[in-house]
Amino acid sequence: MKITPGLISAEVLDTEIQRRGIVPTTDDVVRVLANYNRRVRGKSANFDQLAKRFGELEPQFRRMFERDCRFSAFFSTAVPTEEEIAEELQSASNTVRACHQVNERAKLRIREAWDKLNAGAEWAAVAAQFTEDEKLDPENKNFCKEWGVFKLQEMGIPEVRESLPGLSVGGFSRPLDTDEGFVIVRLLEKKGDAYRIARILIRAAYEMPTPTREEIVEIIRRAKIESIQRELIPQLRKKAGIKYPLGTNFLYRIWTEPAAVENKPSRRNIFAEKAN
């Protein structure tokens, strides 16, 4: 097994869980089994059915499964309170509402810019008033005149790529809703499959859906688990005498199996040995 700092932390934590005598419940086993089924897109009713998929690797897989069940039992205290859930739901709702308001204002601005262009206003004047593209320097004489030259198949913004073939030189697109924001594109020149274009960009916010209660619970739970790990694992590594000296190659050092818990050192200090 290749060694990584994350693997060391997992082994150290697992040894501490066993030392404390924490035993997984049936609910822990069911929870871990469901998680494994999601990973492999399986529908195994128990571990033995799931393990058959791994053939000769079953012993290692079984140890990993049993360890994850112990982790589930250990972190069972990382349960969000109703107050935490309500607070996070309210915060998420406020964020979604704020993003929606930003996008509504952006839609109004891009529509205003488009209306001015349709009324005959000069492109440079409208672009200078509205664009939020930081790549275009107001002190540069080419400000708002050119975005760049792109081959159609190399244009990474689908909405722009689809609009370009329908433009004549000097013409501009309707407002386009892209991942970067709302855009109006103007075709300056076309040579073969190369398009020289300008744009007006109004930035928008990523409008994510309101998370469900279940998603919020999982977010808070993971945050609690990470908090426990940040506090506990450094203490356990220090207690076990594990060090990370400069030059340790985590890719090629092999981690020894942890010894039995009863009155024995949990592991050889391979890092201290290397340092010496």
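The rules behind these values
Residues numbered from 1 in each chain as written. Predicted model: local features only at pLDDT ≥ 70, side-chain atom pairs only at ≥ 80, totals over all residues. Heavy atoms only, no water. 1 Å grid on protein atoms, 1.4 Å probe; cavity = no way out; pocket = protein on both sides within 12 Å on 5 of 7 lines; lining within 4 Å. Points joined across faces, edges and corners; volume = space filled by probe spheres on them. Helix = DSSP H or I, 4+ residues; strand = E, 2+ residues; numbered from the N terminus. Nonpolar A, V, L, I, M, F, W, Y, C, P; charged D, E, K, R; others polar. Buried < 20%, exposed > 50% of the residue type's maximum accessible area, 1.4 Å probe, protein only. Arc of directions from axis to C-beta. Contact = heavy atoms within 4.5 Å. Pairing = 2+ DSSP bridges. Axes fitted to C-alpha atoms, helices over the stretch in contact; angles between N-to-C directions. Core = buried A, V, L, I, M, F, W, Y, C linked by side-chain atoms within 4.5 Å. pLDDT = per-residue confidence, 0-100. Phe/Tyr/Trp six-rings, centres within 6.5 Å; stacked < 30°, edge-to-face > 60°. Parallel < 35°, antiparallel > 145°, perpendicular 65-115°, else oblique. Left-handed = near helix turned anticlockwise from the far one by under 90°.

In this section: the layout of surface pockets. Here the largest pocket defines a volume of roughly 740 Å³. At the level of elements, helix H1 (5–19), helix H2 (26–40), helix H4 (58–74) and helix H8 (213–240) are the ones that each hand at least two residues to the lining of the largest pocket. For the lining of the largest pocket, the element with the most residues is H8, which contributes 9 residues. Taken together, the residues that form the lining of the largest pocket break down as 9 nonpolar, 5 polar and 10 charged.

With that settled, the discussion passes to helix H6 (residues 123–130). Turning to H6, its buried residues number three or more, namely Trp123, Val126, Ala127 and Phe130. Projection of H6 onto a plane perpendicular to its axis shows the buried side chains occupying an angular sector of 100°, all on one side. Those residues of H6 hidden inside the fold are in contact with helix H5 (82–118), strand S3 (181–191) and strand S4 (194–203).

Moving on, we come to the sheet that holds S3. The 4 strands are arranged S1-S4-S3-S2 in an open sheet whose pairing can be described as antiparallel. What marks the edges here is a single partner per strand, and that holds for strand S1 (148–151) and strand S2 (176–177). Note: S1 against S4, 4 bridges, orientation antiparallel. Residue pairing across strands places Gly148 opposite Ile197, the latter belonging to S4. Where H6 meets the sheet, its contacts fall on S3 and S4, and the angle it forms with S4 comes to roughly 40°.

Moving on, we come to the pairing of S4. Summarising burial for S4: 8 of the 10 residues are buried, a large majority. Pairing between S3 and S4: 10 bridges, direction antiparallel. Residue pairing across strands places Ile184 opposite Ile200, the latter belonging to S4. Between the end of S3 and the start of S4, which pair antiparallel, lie 2 residues, with Gly192 showing a positive phi angle near 65°.

What follows concerns the nonpolar core. With 15 residues, the main nonpolar core has Trp123, Ile184 and Ile200 as its most contacted residues. Elements that contribute at least two residues to this core include exactly H5, H6, S3 and S4. Of all the elements, H5 adds the most residues to this core, at 5 residues. When residues no more than four places from it in sequence are discounted, the contact partners of Ile184 are Ile110, Ala113, Trp114, Leu117, Trp123, Phe172, Ser173, Arg174, Pro175, Ala198, Arg199 and Ile200. Among the nonpolar cores identified, the runner-up in size contains 13 residues, and Ile157, Tyr195, Ile197 and Leu201 belong to it.

The next thing to look at is the side chain of Asp14. Tracing the sequence through the fold places Asp14 in helix H1. Not counting residues up to four positions away in its chain, the partners in contact with Asp14 are Arg67, Arg70 and Phe71.

What follows concerns the confidence of the model for the protein. With 79% of its residues at a pLDDT of 70 or more, the protein has an overall mean of 78. Averaged pLDDT values for the elements of the protein fall to 37 in helix H9 (residues 270–275) and rise to 93 in S2.

A few words on the packing of aromatic side chains. This structure, assessed with the given rule, holds 2 aromatic pairs. Between the aromatic rings of Phe74 and Phe75, the centroid separation amounts to 5.1 Å while the plane-to-plane angle is 75°, which identifies the pairing as edge-to-face. Given the relative accessible area of 10%, Phe74 is considered buried.

Here we come to the packing of H5 against H8. The N-to-C vectors of H5 and H8 enclose an angle of 115°; their axes lie 10 Å apart at closest approach. Between H5 and H8, the crossing angle belongs to the class labelled roughly perpendicular. Helix-helix and strand crossings are classified by hand; for H5 and H8 the assignment is right-handed. In this structure, H5 contributes Glu82, Glu84, Ile85, Glu88, Leu89 and Ala92 to the contact, and H8 contributes Arg213, Ile216, Val217, Ile220 and Lys224. Residues that form the contact of H5 with H8 fall into these classes: 6 nonpolar, no polar and 5 charged.

Describing two packed helices takes the angle between their axes plus the distance from one axis to the other. Put simply, H5 and H6 touch, their axes get as near as 10 Å, and they point 165° apart. In terms of their interaxial angle, H5 and H6 are classed as roughly antiparallel. Handedness of the crossing formed by H5 with H6: right-handed. Together, Arg109, Glu112, Ala113, Lys116 and Leu117 of H5 and Trp123, Val126, Gln129 and Phe130 of H6 make up the contact between the two elements. In terms of residue class, the contact of H5 with H6 is made up of 5 nonpolar, 1 polar and 3 charged.

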